[in-house]
Amino acid sequence: MEIMDSDRNTIKIGDYVVVQRQGYTKLHKLKAHSKLILGSFNIEMDNIVNEKYSDTFQMKNTPGNKKHYILEKVQQINSPVETLNIEKSGSDNRHITNDNEISQVLTKEDIDKLKDEELNSNNIVGQLVNNSKTFSMKTEYSQEKYIKKKEKKYFEYVQIKRPTIRILAQMFYRQDPTKTLGIRIDDLSQILAYANIHSEGNVVLYDSGTSGLMSAALMNALGHSSTGQLIHMHPGNECQRNAFIAMQFPKEQSERCINVNLYSVLRCFYQQKNTFQEQEEIEEPEAKRQKTEETSAQKKSWQLDNERACKILNEKVDCLIITAKEHPVNIVKELIQFLNGNRNLVVFRRTQK
Amino acid sequence: MSFDGYKTLIKEGDVVIVYLTPSQIYSVEALPKITNKKGNRVDNVFQTPYGALRCGDLIGARFGTKVQLSKGWAYVLQPTPELWTVTLPHRTQIIYTPDISMIILQLEISPGSVVVESGTGSGSLSHALIRAVKPHGHLHTFEFHEGRAATAQEEFKQHGLSQYVTVRQRDVCERGFGDELNDTADAVFLDLPHPWLAVPHAIRALKSTGGRLCSFSPCIEQVQRTCLALLKAGFQEMQTMEVLQTQWSVQQRNVPVVNLEFVRTEKAAGEAEKKERETAKAVVAVPPASLPGHTGYMTFATLPPLWARTLQMSLNETDIDAEGDAE
Ligand SMILES: C[S@@+](CC[C@H](N)C(=O)[O-])C[C@H]1O[C@@H](n2cnc3c(N)ncnc32)[C@H](O)[C@@H]1O
């Protein structure tokens, strides 16, 4: 455990990392020489490799190419509120006209130039303050607010984090709620609680599109080195797995999530019972056994997944969760047969009728 | 013993949930006899609005099935932390499932996590925390009230959960969580009248690689003091929230439809008047008339790993100034 822990704290190539700048977060797969576009910044990520999670890096302009930034690890950050020496403030805002264009002498081009020379929020905010006709008329309170707002815009630091379900759920919802069927973090937390998800038991999830958030959250709650299994049924050819992959579960854990197509697994359940039901114990002749082993080697991995899933369904499961775009009634009606008595069912749908 | 793992049959001594309707849920023990207040052994009979239930008869029945009562029937269910929360004997104010679920997700608790909690109170949250950390994690829960600490300990044992939880009787504001827990916790949860006093102790208990903290307080003044203490200690990602659960009522309604077409043309002779007002039948969801009650504010924060703490402290300084000015 100890070795694993220290290993988990180091940022490595191949990791999925969360890059955070102020309140904004973005998921990034770290490859050698990879670049990340964060708002208007184009950032080379190489310098975070072998550093530690939770470290903070400064975005620095690269000498040759102004639009590119590299990252440099920092130990200290000075806030402009402290470094700026504000001499004068107004007592109210009676003299201020609410027109940014007029009150600010610097043009957008001027500011861009400043940015390209050196992304330094202290400097830029300082220049903005010095070139504002109205700053000294603002009240102390709104001066501070102004500085904070500008500082945020030109903030040159990012922090690197390991993805967690909390971070992913918040990030996905903020970026585009429709990509997770509108599941908010409070929805997600209650689905997990009312479904009684914990380290043991078998769970069936039907999910028609949460970017892998549901399967990731469930697998996370089933835990590592435990017995719980998840059958993740999806309607398409490929299942959505973004969040699941980002969590980088150990192999032992991610293998306990079986991804199957809803139609194809049910077809297997009804039409190919022989592939997963216990065969009667008859001594098979050697030749025949060899033959069946051969055919099973030729089976596609999705077929094997269907069979694995059907074996579990056949014994019934402890929990059924449906997060569906579709009208859920028919799906519930079909899947409820696999649920053990005295177990939990949770259906989530954003829209009301 | 019925809280640990999925069970099929009710065994002697199990806690069993008796479910009549969504608002009539009770917990009983599957024991033929219990000791009454006078110290005598008597039959364990539970009176429900639908007749008496002899709890001894439950032994051997299947969880999830119906049992006959003299004037109706009830479902007997295996307890979950959620069902326990709505049926447990109250010794204090308790935390309810909407808040509990948010706490577990926000604290990033999963199997294997080590969690520190104070105070234990009635153990409502503790049961959910134990479910989330087992089998290889652990809950350390602290309560300074002697009786409550002892009862909680007894309850965990009766529920078959002892191996996942340690109850300690201690004033955590004065004496902390103990050196043996230094640098062990992934998450700390505080439900105390003066949580800010426990913040320095929480930092010692949290792993040097960092962790999450939650403080639950009913009043905003407590939240402010706690936030300030957390900022000063170098916490980041601070967020205070409140979870409000509302119940929409689903109803069949007749919605009157106003038809204004007829005013455009002259009424034909003999046409019935009633066409002008029609009603449409619809199933609608009606929001609650009053706002749901306030339970408490939850403040969440991240303690950065040791190597990132000094930097975070310097970053927090401006916020601390701002808070100080506001006071
Ligand atoms: C509101 S209750 C906790 C309820 C609990 N969260 C639940 O869901 O059942 C607060 C508990 O904290 C205990 N307490 C208060 N101050 C304490 C302290 N300084 N150290 C330890 N326990 C304390 C009280 O005795 C009380 O039982």
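Remember, predicted model here, so these are calculated numbers, not experimental data.

**Student:** I'd like a description of the interface of chain A and chain B, backed by residues and values.
**Tutor:** Size of an interface: often given as the accessible area lost when the parts come together. The partner chain B presents 45 residues to the 48 residues of chain A that form the contact. Taking both sides of the interface into account, the surface hidden between chain A and chain B amounts to around 3800 Å²; carbon and sulfur atoms contribute 52%. Taken as a group, Arg-166, Asn-196 and Asn-342 of chain A account for 17% of the area that chain A buries against chain B, more than any other trio of residues on that side. For the interface between chain A and chain B, the tally reads three salt bridges. Close ionic contact of Arg-166 of chain A with Glu-237 of chain B constitutes a salt bridge, the shortest N to O distance being 3.2 Å. At the junction of chain A with chain B, the criterion picks out 11 residue pairs in polar contact (both at pLDDT 80 or more). Broken down by secondary-structure element, the contributors of at least two residues to the side of chain A that touches chain B are helix 2 (80-83), helix 6 (140-154), strand 7 (157-161), helix 7 (165-175), helix 8 (185-194), helix 9 (213-222) and strand 12 (339-348) of chain A. The leading source of residues in the side of chain A that touches chain B is helix 8 of chain A, at eight residues. Within the side of chain A that touches chain B, the residues separate by chemical class into 14 nonpolar, 22 polar and 12 charged.

**Student:** Any details on the site of the ligand? Residues and values, ideally.
**Tutor:** Residues and elements named next belong to chain B. Taken together, 23 residues lie near the ligand, and Glu-143, Arg-148, Asp-171, Val-172 and Asp-191 sit nearest. In this structure, a nitrogen atom belonging to the ligand sits 2.9 Å away from a side-chain N or O atom of Asp-171. Elements that contribute at least two residues to the shell around the ligand include exactly helix 3 (124-133) and helix 5 (172-175). Its residues placed into classes, the shell around the ligand shows eight nonpolar, 10 polar and five charged.

**Student:** Tell me about the UniProt feature "binding site: S-adenosyl-L-methionine" (unreviewed entry) in chain B, residues and numbers included.
**Tutor:** Residue and element names in this part refer to chain B. The sites that UniProt annotates as "binding site: S-adenosyl-L-methionine" (unreviewed entry) are Ser-122, Gly-123, Ser-124, Leu-125, Glu-143 and Asp-191. Taken together, the annotated residues stretch across 70 residues yet fold into one region, lying no more than 13.4 Å apart by C-alpha. Tracing the backbone shows Gly-123 in the loop between strand 9 (114-118) and helix 3. The exposure class of Gly-123 is buried, given its relative accessible area of 1%. Classification of Asp-191 by relative accessible area gives partly exposed; the value is 29%. Contacts of Asp-191, omitting those with residues within four sequence positions, involve Ile-95, Ser-118, Gly-119 and Phe-216.

**Student:** Before we move on, can you summarise the confidence of the model for chain B with the specific residues and values?
**Tutor:** Caution applies to low-pLDDT regions: their predicted coordinates should not be interpreted in detail. Residues of chain B with pLDDT of at least 70 account for 94%, and the chain-wide mean is 90. With a pTM of 0.88, the predicted complex shows an ipTM of 0.89.

**Student:** So what about the domain arrangement of chain B? Which residues, and what values?
**Tutor:** All names here are of chain B. Examined at the domain level, chain B breaks down into domain 1 (15-79) and domain 2 (86-244 + 293-326). Each of domain 1 and domain 2 has a C-alpha centre, and the two are 35 Å apart. Facing the six residues of domain 1 at the interface are four residues of domain 2. The contact between domain 1 and domain 2 buries some 350 Å² in all, and 56% of this surface belongs to carbon and sulfur atoms. When residues of domain 1 are sorted by the area they lose upon contact with domain 2, Val-15, Ile-25 and Ser-27 head the list and together hold 72% of the total. Linking domain 1 with domain 2 are zero salt bridges, by the criterion used here. Taken together, the links from domain 1 to domain 2 amount to one residue pair in polar contact (both at pLDDT 80 or more). Within the residue set of the side of domain 1 that touches domain 2, elements represented by two or more residues are strand 1 (15-21) and strand 2 (24-29). The element that contributes the greatest number of residues to the side of domain 1 that touches domain 2 is strand 2, accounting for four residues. Looking at side-chain class alone, the side of domain 1 that touches domain 2 contains four nonpolar, one polar and one charged residues.

**Student:** An account of the packing of helix 8 of chain A against helix 2 (residues 97-106) of chain B is requested, with residue identities and associated values reported.
**Tutor:** Relative placement of two packed helices is described by the angle separating their axes and the distance separating the axes. Where helix 8 of chain A contacts helix 2 of chain B, the two axes come as close as 8 Å, and the packing angle between them is 105°. Taken together, helix 8 of chain A and helix 2 of chain B sit at an angle that is classed as roughly perpendicular. Contacts from Ile-185, Asp-186, Leu-188, Ser-189, Gln-190, Leu-192, Ala-193 and Tyr-194 of chain A of helix 8 of chain A reach helix 2 of chain B at Thr-97, Pro-98, Ser-101, Met-102, Leu-105 and Gln-106 of chain B. Of the residues that constitute the contact of helix 8 of chain A with helix 2 of chain B, the class distribution is eight nonpolar, five polar and one charged.

**Student:** Outline the pattern of salt bridges, supporting the account with residue identities and numerical values.
**Tutor:** Residues and elements named next belong to chain B. Applying the stated rule across the entire model yields 19 salt bridges over all chains. As a salt-bridge pair, Asp-4 and Lys-134 come within 2.7 Å of each other at their nearest N and O atoms. Here Lys-134 lies in the loop between helix 3 and strand 10 (138-143) and Asp-4 lies in the segment before strand 1, a separation of 130 residues in the sequence. For the pair shown, Asp-4 and Lys-134 are each scored as buried. Residue Glu-180 is joined to Arg-168 by a salt bridge in which the shortest nitrogen-to-oxygen separation is 3.5 Å. Residue Glu-180 is found in the loop between helix 5 and strand 12 (187-190), and its partner Arg-168 is found in strand 11 (residues 165-169); the two are separated by 12 residues along the sequence. Using a relative accessible area of 48% as the deciding quantity, one classes Glu-180 as partly exposed.

**Student:** Explain the sheet that holds strand 10 of chain B residue by residue, including any values.
**Tutor:** Residues and elements named next belong to chain B. Taken together, the seven strands give an open sheet; going across it, the order is 11-10-9-12-13-17-14, and neighbouring strands pair in mixed fashion. Across the chains shown, the open sheet's two edge strands, defined by having one partner strand only, are strand 11 and strand 14 (236-241). Along the sheet, successive strands turn relative to each other by an average axial angle of 15°, direction set aside. Sheet analysis places strand 13 (residues 211-217) next to strand 17 (residues 297-303), joined by seven bridges and oriented antiparallel. For Ser-217, the partnering residue across the bridge sits in strand 17 and is Tyr-297. Contacting strand 12, strand 13, strand 14 and strand 17, helix 2 crosses the sheet at an angle of about 10° to strand 17.

What counts and how
- Residues numbered from 1 in each chain as written.
- Chains lettered and ligands numbered in written order.
- Predicted model: local features only at pLDDT ≥ 70, side-chain atom pairs only at ≥ 80, totals over all residues.
- Heavy atoms only, no water.
- Contact = heavy atoms within 4.5 Å.
- Buried area = accessible area lost by both parts, 1.4 Å probe.
- Salt bridge = Lys/Arg side-chain N within 4 Å of Asp/Glu carboxyl O.
- Polar contact = N/O pair within 3.5 Å; in protein donor to acceptor, adjacent residues only side chain to side chain.
- Helix = DSSP H or I, 4+ residues; strand = E, 2+ residues; numbered from the N terminus.
- Nonpolar A, V, L, I, M, F, W, Y, C, P; charged D, E, K, R; others polar.
- Near = heavy atom within 4 Å.
- UniProt positions renumbered as here; feature names shortened; annotations may be inferred.
- Buried < 20%, exposed > 50% of the residue type's maximum accessible area, 1.4 Å probe, protein only.
- pLDDT = per-residue confidence, 0-100.
- Domains from an automatic or database assignment.
- Axes fitted to C-alpha atoms, helices over the stretch in contact; angles between N-to-C directions.
- Parallel < 35°, antiparallel > 145°, perpendicular 65-115°, else oblique.
- Pairing = 2+ DSSP bridges.

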